[in-house]
Amino acid sequence: MRNRLSRRESTVAVTFLLPSAIGFALFYLIPFGMGLVYSVLDRTVGGSFVGLSNYQELLSSESFRKAVSNTFWFTAVNVPLMLTLSLGIALVLNRNLYLRRFLRTAYVMPLVVPVASVVMVWQVLFDWNGSLNAWMHAAGLEQIDWMKSAWARGVISVFYLWKHIGYNIILFLAGLQSIPRDYYETADLEGAGKWFQCYGITLVYLTPTMVFVVLMSIMNTFKIFRETYLIAGDYPHDSIYTLQHFMNNMFLAMDVQKLSAAATLMAIGIFIIVTMLLRLEKRYTQFME
């Protein structure tokens, strides 16, 4: 009886999961497998095997190396900054503050505003003839070509933080509210200070949330191309030329081999980062237990 019930539950579970599995295979696994094949061929139709020559040509490309460098530095700078800011704001909003509900709603608003509307506002602000330069000119300061100079990286970083920080704040607030208050009360009775409580209780229980926030932040840095493309156009400044720009140019040039090779290397890099973060979380959790 028990075995029959278990088989029935397994059948129901497989039935519900099958549509998602088919969609995942059709739109992710199969295209990725085709990309792997194209990356070792000299052409897509009737191509012959060329081994790793496409990868060697890709790694010797100056534009690809520049794109990788910009993407790496954008991620390395903005992800820790995102983690620190979102955690700090979540700790503040977790207290009984005046207008706390309004502030929580305000941080979520960037998630629901259409990207096209947001980009239009940012173009008005940071264009050469935009509002920010008009205010600087009125104040007697020199105008800055924000999106055609080294300032472009800072503009895109601010946009990235503004756009995605609300989602991370929600995650941290959920994690903070799930921590039992008894732990803090016990720590107060034992004379533990606020810093010890933050490190020994809050950060320990927020470790899974922090790992998830870091992973989502890294994923979002790879998706910043859409906003960058809409703000800076087809040919952005060199400081914000990322892997997505490179792959978009390869797509427009119909160079599927380089595009597939670049996508494969990016997928391998993301897989390594995810694996390292998950192992770090597991070791840290076991150490604290």
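Above this text is the structure in question.
Summarised in this report is the structure supplied together with it.

1. Here's the deal with the overall build of the protein
In step 1: In terms of helices and strands, the protein carries 13 helices and zero strands.
In step 2: Relative to a compact globule of 289 residues, whose C-alpha radius of gyration would be 19 Å, the protein shows 24 Å and is clearly more extended.
In step 3: A principal-axis box enclosing the C-alpha atoms of the protein has dimensions of 80 × 70 × 35 Å.
In step 4: The burial tally for the protein puts 35% of its 289 residues in the buried class.
In step 5: Within the protein, contacts between residues at least 6 apart in sequence are counted, and of these 68% link residues at least 24 apart.
In step 6: Put simply, the protein shows about 18,500 Å² of open surface, and 67% of that area lies on carbon and sulfur atoms.
In step 7: Side chains of the protein carry 22 positive and 17 negative charges; the gap between the two charge centres is 10 Å.

2. Some points on the nonpolar core
In step 1: Formed by 59 residues in total, the largest nonpolar core has its most connected members in Met147 and Phe246.
In step 2: It is helix α7 (residues 151–177) that contributes the most residues to this core, twelve residues altogether.
In step 3: The contact partners of methionine 147, leaving out residues within four places of it in the chain, are Phe126, Ala152, Val155, Ile156, Ile231, Ala232, His237 and Ile240.

3. Re the packing of aromatic side chains
In step 1: Counted under the stated rule, the structure contains eleven aromatic pairs.
In step 2: Ring centres of phenylalanine 74 and tyrosine 160 lie 5.5 Å apart, and the angle between their planes is 65 degrees; this geometry places the pair in the edge-to-face category. Of this pair, phenylalanine 74 sits in helix α3 (residues 62–93) while tyrosine 160 sits in helix α7, and the two are 86 residues apart along the sequence.
In step 3: Of the residues examined, tyrosine 160 reaches a relative accessible area of 0% and is grouped as buried.
In step 4: Taking 5.7 Å as the distance between ring centres and 80 degrees as the angle between the ring planes, the aromatic pair formed by phenylalanine 126 and tryptophan 146 counts as edge-to-face. Taken together, the positions of phenylalanine 126 in helix α5 (residues 115–126) and tryptophan 146 in the loop between α6 (131–138) and α7 put the pair 20 residues apart, joining distant regions of the chain.
In step 5: A residue is classified by how much of its surface remains accessible, and tryptophan 146, at 8% relative accessible area, is buried.
In step 6: Of the aromatic side chains, those joined through ring pairs into one cluster are Trp122, Phe126, Trp146, Trp151, Phe159 and Trp162.
In step 7: Stacked on the ring of tyrosine 241, the Lys or Arg lysine 66 has its end atom at 5.1 Å from the ring centre.

Rules and cut-offs
Residues numbered from 1 in each chain as written. Predicted model: local features only at pLDDT ≥ 70, side-chain atom pairs only at ≥ 80, totals over all residues. Heavy atoms only, no water. Helix = DSSP H or I, 4+ residues; strand = E, 2+ residues; numbered from the N terminus. Rg over C-alpha atoms; globule rule 2.2 N^0.38 Å. Buried < 20%, exposed > 50% of the residue type's maximum accessible area, 1.4 Å probe, protein only. Contact = heavy atoms within 4.5 Å. Areas by Shrake-Rupley, 256 points an atom, 1.4 Å probe, with all protein chains shown as cover. Lys, Arg positive; Asp, Glu negative; His and termini not counted. Charge placed at Lys NZ, Arg CZ, Asp CG, Glu CD. Core = buried A, V, L, I, M, F, W, Y, C linked by side-chain atoms within 4.5 Å. Phe/Tyr/Trp six-rings, centres within 6.5 Å; stacked < 30°, edge-to-face > 60°. Lys NZ or Arg CZ within 6 Å of the ring centre and 35° of its normal.

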